[in-house]
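Examination of the molecular architecture
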Amino acid sequence: GAVVALVIGFTLLPIWPNIAKQVLWYCSVTFLLFTLSFCLIRFLTFLLLWLFGYEFWIFPRLFDESLSFQDSFKPVYSLDPGAPGQGY
């Protein structure tokens, strides 16, 4: 029932009031900016520590599609020494 209501609600987006469209737009842009910023910070911390010979990931299993939503956030971080000859 809820999925059908959501599909019908988004199908009728052109007749939504302008304030509802703006709220949806602000929420979407906020989520997109947060996601991109988090991925950039995650990559930059990995790159910085990789240069010193360590592999550090924040939420290392975040993009693993075989896990459930809750398992994607476990563990919070991983810190491993890099392989010999890796880094500078």
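The structure we're discussing is the one just above.
Every residue gets a number counted from 1 within its own chain, in the order that chain's sequence is written. Reporting in this predicted model follows two pLDDT cut-offs: at least 70 for local features of residues, and 80 or more for side-chain atom pairs to be given and counted; totals over whole chains, interfaces and linings ignore these cut-offs and use all residues. Side-chain calculation: all heavy atoms of the structure are included, whereas hydrogens and water are not.

Considerations on the overall build of the protein
Labels follow the DSSP assignment, with helices taken as runs of H or I lasting at least four residues and strands as runs of E lasting at least two, numbered in each case from the N terminus. Counting secondary structure elements, the protein contains two helices and two strands. In sequence order, the protein lays out its α and β elements as α-α-β-β. Its C-alpha atoms give the protein a radius of gyration of 20 Å, clearly above 12 Å, the size a compact globule of 88 residues would have. Taking the principal axes of the C-alpha coordinates as reference, the protein spans close to 60 × 25 × 15 Å. Each residue is placed in one exposure class: buried if its accessible area under a 1.4 Å probe, protein chains only, is under 20% of its type's maximum, exposed if it is over 50%, and partly exposed if it falls in between. Split into buried and exposed, the 88 residues of the protein put 8% on the buried side. The contacts in the protein between residues at least 6 apart in sequence include a share of 27% that link residues at least 24 apart. The protein chains shown are the only cover counted for residues, whose accessible areas, like all others here, come from Shrake-Rupley with a 1.4 Å probe. For the protein, the exposed surface amounts to about 7,200 Å²; the carbon and sulfur share of it is 75%. As defined in this context, the radius of gyration uses C-alpha atoms, and a globule is described by 2.2 Å times the residue total to the power 0.38. Only heavy atoms matter for contacts: two residues are in contact if any of them lie within 4.5 Å across the pair.

Examining the side chain of Ser-78
The topology assignment puts Ser-78 in strand 2 (residues 77–81). The contacts of Ser-78, once residues within four sequence positions are left out, are Glu-55, Phe-56, Trp-57 and Pro-60.

Overview of the packing of aromatic side chains
Ring geometry is summarised as follows: Phe, Tyr and Trp rings, the Trp one being its six-membered ring, pair when their centres sit within 6.5 Å, and such pairs are stacked at plane angles under 30 degrees, edge-to-face over 60 and tilted between the two. Counted under the stated rule, the structure contains eight aromatic pairs. Taking the centre distance of 6.0 Å and the plane angle of 50° together, the rings of Phe-38 and Phe-59 count as tilted. With Phe-38 in helix 2 (residues 18–51) and Phe-59 in the loop between strand 1 (54–58) and strand 2, the pair connects residues that are 21 residues apart, well separated along the chain. Overall, the relative accessible area of 22% leaves Phe-38 in the partly exposed class.

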